[in-house]
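Reading the structure
For reference, the chains in residue letters:
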Amino acid sequence: MTTHTPRTLGTTGPQVFPLGLGCMGMSGAYGEADRAESIATVHAALEAGVTLLDTGDFYGMGHNELLVSEALRTAPAALRENALVSVKFGALRGPDGDWYGFDGRPAAVKNFAAYSLQRLGVDHIDVYRPARLDPDVPIEETVGAIAELVEKGYVRHIGLSEVGADTIRRAAATAPIADLQIEYALISRGPEREILPTLRELGIAVTAYGVLSRGLLSGHVTPGQQYAANDFRAHSPRFQGDNLQQNLQLVEALRKIAEQKGVSVAQIAIAWVLSRGEDIVPLIGAKTRARLDEALGALDVTLDAADLAAVEAAVPADAAVGERYAPAQMAMLDSER
Ligand SMILES: NC(=O)c1ccc[n+]([C@@H]2O[C@H](COP(=O)([O-])OP(=O)(O)OC[C@H]3O[C@@H](n4cnc5c(N)ncnc54)[C@H](OP(=O)(O)O)[C@@H]3O)[C@@H](O)[C@H]2O)c1
């Protein structure tokens, strides 16, 4: 088994390339994105063997699905056939980009899916998942509605996102669940306590996001870096003032190990997540081919026991300063209860 060996999304899900491409940043989450370069990045990822493309209907309010659709339509047929699209739904947004909570009611699930199928220009969605738990709707009802879409052929597999162990158990008792999407990184190790053991007991995989902690662990962030108001990082506690300074010290400790191995900081951070289990598929948030290439290089980084010990000594669990989301968004995370 090598780091290039495909991974499987749970006992019921599809085989995928060990890294997936997260497309969120191509719709403005991390500042401006160039459309042509975004599409070229999706094509380059597919050419490199990447199969899983992750999007959400609320990423740029449909912009991201339309972009993924265009990228698939303009990709060589052989590559298009290998692509698997994972879609998150449920977040409610206004035309100005504001957030209004989540809707997981069965009728809303089917409505969201109908629009996503149109925007994506496909007859089925490969993995469909609520972005967050709707606190007013039992997870059985939300997952039950997706299961109906599976029965009708509109969806192939059911996923979850940022939910905790109890919700995972209730969802898995309702229908087969392929994977949980959750933030997991050297400096975001919360899932190790209860969530990962639960997933492993139930045969559910992880698609890990934020493996670079929104770029913080990439080695490309400089002290005092400024972000536009609509960039996620302008509001992320880990990127603010003294927090950023302290967190960048962890990055410098990691850089020493990276330099010794002749690889980049981002590659070490991604390789560490890859090393945490064959059931974990890191999603790479690249919006340019250069960043994608760097991330794919992580597949050639082997971390032995001594390397792993050095990495974890450089960046101890819980060493980061600041929560992974601002308080209002933390409150929406069933996974943090
Ligand atoms: N389920 C959920 O709640 C949830 C939440 C967030 C994201 N996601 C999904 O997960 C995907 C990945 O998450 P993420 O974007 O937060 O994660 P990430 O990979 O931790 O962060 C991406 C950021 O890192 C920077 N970066 C620097 N070097 C990079 C490299 N070599 N490769 C990739 N990025 C590099 C990118 O910006 P520059 O190119 O400007 O350096 C970008 O700002 C998203 O696209 C989305 O599909 C899911």
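Everything below is about the structure shown above.
Remember, it's a predicted structure, so these values are computed and weren't measured experimentally.

The next thing to look at is the layout of surface pockets. Any empty space left between the atoms is revealed when a probe the size of a water molecule rolls over them. The calculated volume of the second largest pocket comes to roughly 270 Å³. Around the second largest pocket, the lining is made up of 15 residues, and of these Gly164, Glu194, Asp334, Ser335 and Arg337 lie nearest the centre. Counting residues per element, the lining of the second largest pocket draws most heavily on helix H6 (residues 165-174), which supplies three residues. By residue class, the composition of the lining of the second largest pocket is four nonpolar, four polar and seven charged.

For helix H11 (residues 305-314), the set of buried residues is Asp307, Val311 and Ala314. With its buried residues spanning 65° around the axis, H11 presents them on a single face. The outward face of H11, more than 90 degrees from its buried face, is lined by the exposed residues Ala305, Ala306 and Ala313. Along its buried surface, H11 packs onto helix H8 (241-261) and helix H9 (265-274).

Put simply, H6 and helix H7 (residues 195-202) touch, their axes get as near as 9 Å, and they point 15° apart. When the interaxial angle is binned, H6 and H7 end up roughly parallel. Where H6 crosses over H7, the handedness of that crossing is right-handed. Of H7, the residues touching H6 (which contributes Ala165, Ile168, Arg169 and Ala172) are Ile195, Thr198, Leu199, Glu201 and Leu202. Here the contact of H6 with H7 is composed, by residue class, of six nonpolar, one polar and two charged.

What surrounds the ligand is a group of 28 residues, the closest being Tyr30, Asp54, Arg132, Leu212 and Arg291. One of the backbone N or O atoms of leucine 212 is found 2.9 Å from an oxygen atom in the ligand. Between the ligand and serine 213, the relevant distance is 3.2 Å, taken from an oxygen atom to a main-chain nitrogen or oxygen of the residue. Protein chains shield 94% of the accessible area of the ligand, which is 890 Å² for the free molecule. Of all elements in the fold, only strand S12 (280-284) and helix H10 (289-296) reach the threshold of two or more residues within the shell around the ligand.

Before going further, it helps to spend a moment on the nonpolar core. Core analysis: the biggest nonpolar cluster contains 91 residues, and Leu21, Tyr128 and Leu160 have the highest contact counts within it. It is H9 that provides the largest number of residues to this core, a total of eight residues. Beyond its immediate sequence surroundings of up to four residues, tyrosine 128 is in contact with Val87, Phe89, Val109, Phe112, Ala113, Ile146, Leu149, Val155, His157, Ile158 and Gly159. Grouped together as the second largest cluster of nonpolar side chains are 16 residues, Leu9, Phe232, Tyr325 and Met330 included.

Note on placement: glutamate 162 falls in the loop between strand S9 (155-161) and H6. Judged by its relative accessible area of 0%, glutamate 162 is buried. Those residues in contact with glutamate 162, other than ones at most four positions away along the chain, are Ala131, Arg132, Leu180, Gln181, Ile182, Glu183, Tyr209, Arg324, Leu333, Asp334 and Ser335.

Assignment of secondary structure puts valine 122 in the loop between helix H4 (106-120) and strand S8 (125-130). Expressed as a C-alpha distance, the spacing of valine 122 and tyrosine 154, which sit 32 residues apart in the sequence, is 9.2 Å.

A few words on the packing of aromatic side chains. In the structure shown here, the tally under the stated rule is seven aromatic pairs. Aromatic side chains tyrosine 227 and phenylalanine 239 sit 5.6 Å apart centroid to centroid with 85° between the ring planes, which places their arrangement in the edge-to-face category. Here phenylalanine 239 lies in the loop between strand S11 (205-209) and H8 and tyrosine 227 lies in the loop between S11 and H8, a separation of twelve residues in the sequence. One exposure class covers both tyrosine 227 and phenylalanine 239, and it is buried. Look at phenylalanine 232 and tyrosine 325: their rings are 5.7 Å apart centre to centre, the planes differ by 90°, and that puts the pair in the edge-to-face class. Of the two residues, phenylalanine 232 sits in the loop between S11 and H8 while tyrosine 325 sits in the loop between H11 and helix H12 (327-330), which places them 93 residues apart along the sequence. Pair check on accessibility: phenylalanine 232 and tyrosine 325 agree, each one buried. Looking at arginine 93, its charged tip hangs above the ring of tryptophan 99, at a distance of 3.7 Å from the centre. The ring of phenylalanine 232 carries arginine 214 above its face, with NZ or CZ at 3.9 Å from the centroid.

What counts as what
Residues numbered from 1 in each chain as written. Predicted model: local features only at pLDDT ≥ 70, side-chain atom pairs only at ≥ 80, totals over all residues. Heavy atoms only, no water. 1 Å grid on protein atoms, 1.4 Å probe; cavity = no way out; pocket = protein on both sides within 12 Å on 5 of 7 lines; lining within 4 Å. Points joined across faces, edges and corners; volume = space filled by probe spheres on them. Helix = DSSP H or I, 4+ residues; strand = E, 2+ residues; numbered from the N terminus. Nonpolar A, V, L, I, M, F, W, Y, C, P; charged D, E, K, R; others polar. Buried < 20%, exposed > 50% of the residue type's maximum accessible area, 1.4 Å probe, protein only. Arc of directions from axis to C-beta. Contact = heavy atoms within 4.5 Å. Axes fitted to C-alpha atoms, helices over the stretch in contact; angles between N-to-C directions. Parallel < 35°, antiparallel > 145°, perpendicular 65-115°, else oblique. Left-handed = near helix turned anticlockwise from the far one by under 90°. Near = heavy atom within 4 Å. Polar contact = N/O pair within 3.5 Å; in protein donor to acceptor, adjacent residues only side chain to side chain. Areas by Shrake-Rupley, 256 points an atom, 1.4 Å probe, with all protein chains shown as cover. Core = buried A, V, L, I, M, F, W, Y, C linked by side-chain atoms within 4.5 Å. Phe/Tyr/Trp six-rings, centres within 6.5 Å; stacked < 30°, edge-to-face > 60°. Lys NZ or Arg CZ within 6 Å of the ring centre and 35° of its normal.

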